[in-house]
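Working through the structure, step by step
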Amino acid sequence: MIKKTWALAAAAALLAAPAAAQGDIETICDQFAGTPGSRAERCGMVAQAVDAAQPQLGILMAGGNPTLGTASTGGVRLGMIPRVSLTGRINVVGARMPDIRQASEDETKEFSIPTPAIGANLAMGLTQGISVAPAIGGFGAIDLLASVSVLPLELVGDDFGNNAFSWGAGARVGLIRESFVMPGVSVSLMYRSLGDVKFGTVCAGTETPSVVAPDDPSRRTCNAQGDFGEIDLGLDNWSARAAVSKRLLGLGLTAGVGYDRFETSADFAFALPPTAGNREVIRFTDVAVDNDRWSAFVNGSFTILFGSLVAELGWMQGSDPIQGFPSTSDFDPNEGTFFGSIGARLSL
């Protein structure tokens, strides 16, 4: 009878333990629903931080316009040398998410910080396109696009990890090339990849196998204090843009809309209140995080000869909260995110 009772208890503990294998951020915390203590609330808040951080990091890398200050394709020069446009830019996002540094689930505050990225964009004319009428040309013109950027996390704050790097490649297709009488109109598609970004540390000391579930690698015991939660994620981003631009006497205006698909396999962890000087840490690995976002942006530029100074302002939509995220939090996932850029472009 004792052996049977022990076997049932062990099976129940195994079923209650979180799985370390890949899951989905929307439902990963469902396993804690109805359990005693604060597991469900803490899991929901840290999972929401992952879900909020991913698209904000993505739009920080992508920005709005892939070539600041213009929507017109460059075309091709006469001869073998293509037209080239090189842009240096600084992107900034008003990043915001649940504050996973806090010590209590009763203090569900919002953490916000302006986050910069420093990067460069290259556009190179591949094909000239065709003219559909006098002064209406560039239909079907193709530019190759490339981007590199760095997220200087070491300058943002001690709560973040090392600097993260991003690269991207894609193409822009012209519908109309800008002329004296016509605006420039184009659509573009780019793929970008961002390296790992870390925020928070749940255990500032040594982790050992859990006293409660020593055979479960996702449950650990920590002998020191730390943050409420921690997240670790990179991302893949597909960004589509449609834009229109027009210049007059050196002053230019560009407006556009964007659609982004963000994909991530994230790791995150949260800590339970300490017991006898130790904290139980629950970890998840390879959690799937997928988000889609619409955005809108506007650029203002000033051009002299081959150089342009450009400023951009944009907005990206929010989303519904994930399951288990407490409605008492100061953080509202439905609110959108503002982003902006300043840069200089050289066109040859």
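Counting restarts for each chain: residues are numbered from 1 in the order of the written sequence. Given that this is a predicted model, residues contribute local features only at a pLDDT of at least 70 and side-chain atom pairs are listed and counted only at 80 or more, while totals for whole chains, interfaces and linings are drawn from all residues. The side-chain quantities take in all heavy atoms of the structure and omit both hydrogens and water.

Taken together, the side chains of Leu251, Phe302, Ile304, Leu305, Phe306, Leu346 and Leu348 present a nonpolar region at the surface, about 770 Å² in accessible area. With respect to the helices and strands, the residue leucine 348 is situated in the segment after β12 (337-347). Classification of leucine 348 by relative accessible area gives partly exposed; the value is 47%. Here, patches come from residues exposed beyond 30% relative accessible area and free of salt bridges, joined within 9 Å for like charges and within 5 Å for nonpolar side chains (Val, Leu, Ile, Met, Phe, Trp, Tyr). Each accessible area value is a Shrake-Rupley result obtained with a 1.4 Å probe; residue values ignore everything except the protein chains displayed when judging cover. A pair is scored as a salt bridge if a Lys or Arg side-chain nitrogen falls within 4 Å of a carboxyl oxygen belonging to Asp or Glu. The way it works is that DSSP assigns letters per residue, a run of H or I at least four long becomes a helix, a run of E at least two long becomes a strand, and they are numbered from the N terminus. Exposure is judged per residue with a 1.4 Å probe applied to protein chains only, and the accessible area is read against the type maximum: over 50% gives exposed, under 20% gives buried, and values in between give partly exposed.

Moving on to the packing of aromatic side chains. Stacked, edge-to-face and tilted labels apply to pairs of Phe, Tyr and Trp rings (six-membered ring for Trp) whose centres lie within 6.5 Å, assigned for plane angles under 30 degrees, over 60, and everything in between, in that order. This model, assessed by the stated rule, comprises 9 aromatic pairs. Judged by centre distance (4.8 Å) and plane angle (25°), the ring pair of phenylalanine 268 and phenylalanine 284 falls under stacked. Separated by 16 residues along the polypeptide, phenylalanine 268 in strand β9 (residues 251-271) and phenylalanine 284 in strand β10 (residues 279-304) bring together distant segments of the chain. Measuring from centroid to centroid gives 6.2 Å for phenylalanine 325 and phenylalanine 331, while their planes differ by 80°, and the two rings are edge-to-face. Using a relative accessible area of 10% as the deciding quantity, one classes phenylalanine 325 as buried. We classify phenylalanine 331 as buried; its relative accessible area is 5%. Members of the aromatic cluster, each reached through a chain of ring pairs, are Phe32, Phe268, Phe270 and Phe284.

Moving on to the side chain of threonine 115. For threonine 115, the position within the fold is in strand β2 (residues 110-127). We call two N or O atoms a polar contact when they sit within 3.5 Å, provided that within protein one can donate a hydrogen and the other can accept it, with sequence-adjacent residues counted only if both atoms are side-chain atoms. A distance of 3.3 Å separates the side chain of threonine 115 from the backbone oxygen of isoleucine 113, its partner in a polar contact.

Okay, the pairing of strand β4 (residues 164-176) next. Across 10 bridges, strand β3 (residues 142-151) lies against β4 in antiparallel orientation. In the sheet register, valine 148 faces β4, and the bridge partner there is tryptophan 167. Only strands that DSSP links by at least two bridges are regarded as paired with each other. For β4 and strand β5 (residues 184-199), the ladder comprises 10 bridges, and the chain directions are antiparallel. Bridging from a neighbouring strand, serine 166 pairs with leucine 194 of β5.

Take the buried residues of types Ala, Val, Leu, Ile, Met, Phe, Trp, Tyr and Cys, join any two whose side-chain atoms come within 4.5 Å, and each joined set is a nonpolar core. Counting residues in hydrophobic clusters, the biggest one holds 51 residues, and the most contacted among them are Ile25, Met97, Leu151, Ile231, Phe268, Phe270 and Phe284. Only α2 (39-62), β1 (84-98), β2, β5, β8 (229-248), β9 and β10 provide two or more residues apiece to this core. Tallying contributions element by element places α2 first for this core, with 12 residues. Here phenylalanine 268 is in contact with Ile25, Ile28, Cys43, Val46, Ala47, Val50, Glu230, Ile231, Ile282, Arg283, Phe284 and Val287, once residues within four sequence places are set aside. Should any heavy atoms of two residues lie within 4.5 Å, those residues are considered in contact.

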